[in-house]
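Overview (structure and organization)
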Amino acid sequence: MQENTMHLPKGYMGKVLFVDLDLQTYHAEPLAPDLAARFLGGRGLGIAFLFQHFSRLEQNDRYRNAFAEVDPLSPDNPLIIATAPTTGTKMPTSGRFHANFKSPLTEGLGSSDSGGYWGVALKKTGYDVLYITGKADTPIYLVISSAGVEFHTADRFREANTRDTTNTLAAELPQGARVLTIGQAGKLGAYFASITNDKGRSLGRGGGGAVFGAKNLYAIAVVPDRSITIEVADEESLDFKNESGAAFKAKIKLEVGKFSRKEEHYGSLSSMGSLCLCGMVNNYGQLVHNNMRDTYHKPEDIERITGEALRQHAAKAKPGVTKVKVKKGTCYSCPILCKRKTQLIDGEGNLIDEGEGPEFETVALLGANLSIYNLPVIVQANYWANRYGVDTISLGGTIAAFIELYEYVKSQGNAASSQEKQLLEDTKTFIEQYGEPAFGNADILAPLVHEIGNLRGIGKYLASGSYRFCERYGHPEFSMTIKKQEMPAYDPRTSFTQALGYEMSHRGACHLEGGYTAAKDYCAGYAEWPGDRIEGSALISKNAAFSNTVLDIIGACVYSSFSITLDEYALLVNAVTGLSYNAGLLQKTAWRTLTLERLFNIRCGFTKNDDWLPARFFEIPVDTGERIAVCNRDAFEQMHQEYYQSLGWDEEGIPTQDTIHKLELQDFV
Ligand code: SF4
C-alpha cells in the first residue's frame, strides 16, 4: 500500500464524479493516488470502487454480507464507469472505458468494456470515474459537462430505442456530445441487457443495461469541454510524427500489421472487420453449432456468413434479392478500423434498414450456433438487438438453448413431465404466429429478438438468460453457460486454454477476460498450441488472462494486442503517466485486479464449483475434422489447480493471505 502523500501521475483528470439518483445531487472527490497506483484505471479502478462500495454497505448494519445480499436491481447496486490515464491520449486504441456493477445475470461481478468515443468525452468533462448510486423516482437522463450534472426527465424516452434516444440527444446537445443509453430490454429488466454508447458500441456483458434501467436512468450524455486537455508526461514520445516515439512505433506496428499480414491473419481485421474470424475459427473446427452440440458446418453454408461474404455481399448479390452494403468504421485513435456499418438494401435498391455491425460473435451466436446461414437475416436481427439493447452473445446462446430444450420436450411426447409440458404451453402463442423453434429456421429469429427485447410472451422468460429459462422447465443442462452467463463462439473442447479462460472469467463465460487464446493463435500468428494439450495450458491461460487484464486497465483494445507487446504498452503508459512501468509491473497490476475480482465473487457466494464448463463438453466429443476432441474432468481439475496455484490462490481457488499481502490488498479484506 502506498502513502497518502502520493500525487497522481499525468494522464488522470484527478476527480471522481459521484451522482446520487435518490437525491438528484452530485459532487466530485479527488481520485486517491493510492488507488490509481495500485489499479491504474478502467477495470482495475472499477473493481476497487465496486469492492469498497459493497464493504461500506456492511458498515451501516443493513447487510451482514452486502456482496451476497444486495439485489443487483436494487438502488444499492452502484454503476461505476472508469476510464484509464491513457484514455483520450494519442496511445492507439485509447477510446476504451469500463463499467462495473453487480450482475443480475450472474449475481456476481458485472464487468464490461467498450470502445468508441464516449469514454474520451467523459474524461474531457474533467472526471476519471463516474460513480452512480440510488434510484430516481421517475425516468431521467443525465447531461454531464465541465459545468456539472443536469438531471432531466426522460418521460419522452420511455418507448425509445437506443438509436432514437441517441439521435435525439445528440441533435439537442452541443456538437461533440456523446450518448450512453439503454433500450427497452434494459428498461424492462432483461438480465442480459446491454448499455449502448455511440449508437453501436456496447458495454455488452452481464446485464449492466438492467442495472441502468432499475435506477430509472435512461441515458448519460457527456459534453466534452474543448478547453480541457489531458496532460501527458512525455508529449514528444506520444507525437505520431516522432519516429523514435512510443506512439509512432505502436501505430506503425498496427498499420504494418494491417497491410502486410496475410488476410487469414491479423490484416483481415481491417479489410473484413471482426467477422474475418468466422472462416478462421471454422477452419480450426472451433465454431459453435446448434447450441454447441458440435462444430460442423457445411462449407457451402458457412461461406455465406464469413467476413469475405460480408465484404462482397453487395457486389455478389443476385438482382432482386436483399443485399448488405458495408463500410468501415473505427473507434477513437484506432488505425485498425475493424468496425462495420451496414445497410440492408432490397431487390429494388431501396434502403430497408441500417446500423452498426455485425461483429463476429454476433454472427457466430445468432447465425452459426442456430444454423442460420443468412447474412441479411442476421444483420437485421443484430440491428434490433442493438436497439433493444441486449448482449448478442447471451441472446444467441439463450435462443439456442430454447430451441434444443423445445426439441427435447417435443421428443418426449406424452412422457413429458408437467414441468416440461409447461414449455409447450408457454410457447404456444409464439408458434401459432411465427412457427416452431428449430435450428435452421430463420423465420423465428427476428420475432424472438422482438419478444425478448420487449419481455413479452415467451420473451419474458427468455430475457432472464438461458440458465434460468432452462431451469424453469427442469433442464438447466441445456444452458451453455458458466456462472449463468452464455458462452462465446469458440467451442471449448477444441482449445483447452480458451476453455480455462471461459471457466476462470469472473464475469461469467467470456472469451476476453480470461485471455483470448483461441483467436490470438491464428490472428497473431503464434506457434500453434495443440488445442487439447494439458501440460502448460494453465500457465498459458494465466498469462493470457494477465495480458487481457492489462489491456482493460490501461484502456487498450484487445485487437491492438495482436501486434503490440506488453513492453511496448508499458512505454506508452509511461509516456502518458511519467511512471516507470515494465511488462512485469503491468502484469502485477493485472494480477491484483484479477485477485480482487476473485475476492468479490467469493463474497458473493461463488466457489471453485462455479469454475466449470457445462457437462456437455466433458461427455460429448466433437469431431473437428482432424481429431475427436472432448474435455476430461480429471485433466481439467489438474489444470484448475495449476491455474489457482500460479495466481497464489489455494486449492479451493481462494487467494491466500500471503497473496493478499503481496498484492497490497489487505485493506479490502
Ligand atoms: S480494433 Fe476495432 S474495436 Fe478495437 S479500437 Fe479499433 S475499431 Fe475499435
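These numbers come from a predicted model, not from an experiment.

**Some words on the site of the ligand**
By nearness alone, every residue bordering the ligand is listed as T93, T330, C331, C334, I336, C338, K339, C557 and Y559. Its residues assigned to classes, the shell around the ligand shows six nonpolar, two polar and one charged.

**Let's talk about the packing of aromatic side chains**
Counted according to the given criterion, the structure contains 26 aromatic pairs. With a centroid separation of 5.4 Å and 50 degrees between ring planes, the pair formed by Y408 and F478 is classed as tilted. Highlighted residues: Y408 in helix α15 (residues 392–412) and F478 in the loop between α19 (466–472) and β16 (481–482), separated in sequence by 70 residues. The buried category is assigned to F478, whose relative accessible area is 9%. Among the aromatic residues, ring-to-ring pairing joins F39, F51, F54, F67, F600 and F668 into one connected group. The ring of F240 carries K251 above its face, with NZ or CZ at 5.6 Å from the centroid. The ring of F618 has R633 lying over it, and the distance from NZ or CZ to the ring centre is 4.5 Å.

**Re the domain arrangement of the protein**
Each assigned domain of the protein is listed here: domain 1 (3–222), domain 2 (266–482) and domain 3 (495–562 + 582–662). The gap between the C-alpha centroids of domain 2 and domain 3 is 26 Å. With 24 residues of domain 2 in contact, the opposing surface of domain 3 contributes 25 residues. In total, domain 2 and domain 3 occlude about 2,000 Å² of area from one another, counting both sides; carbon and sulfur atoms represent 66% of this. Counting across the interface, domain 2 meets domain 3 through one salt bridge. Taken together, domain 2 and domain 3 are joined by four residue pairs in polar contact (both at pLDDT 80 or more).

**Some details on the sheet that holds strand β9 (residues 178–181)**
Pairing in this open sheet of six strands is mixed, and the strands run β8-β7-β12-β9-β10-β11 from one edge to the other. A single partner strand is all that each edge strand has here, and the edge strands are β8 (148–153) and β11 (201–203). The average undirected angle you get between the axes of adjacent strands in this sheet is 20 degrees. In the packing of helix α5 (residues 162–172) onto the sheet, the strands contacted are β7 (140–145), β9, β10 (195–197) and β12 (217–222), and the crossing angle to β9 comes to about 150 degrees.

**Some thoughts on the sheet that holds strand β6 (residues 129–133)**
If you walk across this open sheet you meet the six strands as β2-β1-β6-β3-β4-β5, and the pairing is mixed. A single partner strand is all that each edge strand has here, and the edge strands are β2 (25–30) and β5 (109–114). Adjacent strand axes in the sheet meet at a mean angle of 15 degrees when their direction is disregarded. Strand direction decides the pairing type here: strand β4 (residues 97–102) and β5, joined by six bridges, are antiparallel. Looking across to β5, one finds that K102 is bridged to L109. Sitting on the sheet, helix α2 (residues 42–59) touches β1 (15–20), β3 (79–82), β4, β5 and β6, and the angle it makes with β4 is about 25 degrees.

**Quick look at the packing of helix α22 (residues 537–554) against helix α24 (residues 583–604)**
In contact at an axis separation of 8 Å, α22 and α24 are set at 90 degrees when each is read in the N-to-C sense. Between α22 and α24, the angle is such that the two are roughly perpendicular. Every residue of α24 that contacts α22 at A545, F546, T549, V550, I553 and I554 is listed here: L586, Q587, T589, A590, W591, T593 and L594. The residue makeup of the contact of α22 with α24, split by class, is nine nonpolar, four polar and no charged.

**Section: the packing of α22 against helix α26 (residues 633–646)**
Geometrically, a packed helix pair is captured by the angle between its two axes and the distance between the axes. At a minimum axis separation of 8 Å, α22 and α26 run at an interaxial angle of 45 degrees. Taken together, the axes of α22 and α26 lie oblique to each other. Once α22 is placed against α26, the crossing between them reads as right-handed. Between α22, through S537, A538, L539, S541, K542 and A545, and α26, the contact on the second element is made entirely by M639, E642, Y643 and S646. Residues that form the contact of α22 with α26 fall into these classes: five nonpolar, three polar and two charged.

**Re the pairing of β5**
Taken across its six residues, β5 has six buried, putting it largely inside the fold. Here β4 folds back onto β5 in antiparallel fashion, the turn holding six residues, of which E107 has a positive phi close to 60 degrees.

**Here's the deal with the pattern of salt bridges**
If the charged atoms of two oppositely charged side chains come close together, the side chains can form a pair. As enumerated under the stated definition, the model contains 36 salt bridges in all. Ionic pairing is found between R178 and D198, a salt bridge with its closest N-O pair at 3.2 Å. Linking R178 in strand β9 with D198 in the loop between β10 and β11, this pair joins segments that are 20 residues apart in sequence. A residue is classified by how much of its surface remains accessible, and D198, at 11% relative accessible area, is buried. For R472, the salt bridge is made with D426, and the minimal N-O distance between the two is 2.9 Å. A residue pair is termed long-range when its members are at least 10 positions apart, and R472 in helix α19 and D426 in helix α16 (residues 418–434) qualify at 46 residues. Residue classification places D426 among the buried residues on the basis of a relative accessible area of 16%.

**A word on unusual backbone geometry**
Residue P358 follows G357 across a cis peptide bond; omega there is 15 degrees. Take P358: it is sitting in the loop between β15 (351–356) and α13 (360–366). In this structure, L40 is a non-glycine residue whose phi angle is positive, near 65 degrees. Relative to the helices and strands, L40 is located in the loop between α1 (33–39) and α2. Positive phi outside glycine occurs at M292, with the angle close to 65 degrees. Within the fold, M292 resides in the loop between α10 (277–283) and α11 (299–302). Note on M292: relative accessible area 1%, which makes it buried.

Cut-offs used in this document
- Residues numbered from 1 in each chain as written.
- Predicted model: local features only at pLDDT ≥ 70, side-chain atom pairs only at ≥ 80, totals over all residues.
- Heavy atoms only, no water.
- Near = heavy atom within 4 Å.
- Nonpolar A, V, L, I, M, F, W, Y, C, P; charged D, E, K, R; others polar.
- Phe/Tyr/Trp six-rings, centres within 6.5 Å; stacked < 30°, edge-to-face > 60°.
- Helix = DSSP H or I, 4+ residues; strand = E, 2+ residues; numbered from the N terminus.
- Buried < 20%, exposed > 50% of the residue type's maximum accessible area, 1.4 Å probe, protein only.
- Lys NZ or Arg CZ within 6 Å of the ring centre and 35° of its normal.
- Domains from an automatic or database assignment.
- Contact = heavy atoms within 4.5 Å.
- Buried area = accessible area lost by both parts, 1.4 Å probe.
- Salt bridge = Lys/Arg side-chain N within 4 Å of Asp/Glu carboxyl O.
- Polar contact = N/O pair within 3.5 Å; in protein donor to acceptor, adjacent residues only side chain to side chain.
- Pairing = 2+ DSSP bridges.
- Axes fitted to C-alpha atoms, helices over the stretch in contact; angles between N-to-C directions.
- Parallel < 35°, antiparallel > 145°, perpendicular 65-115°, else oblique.
- Left-handed = near helix turned anticlockwise from the far one by under 90°.

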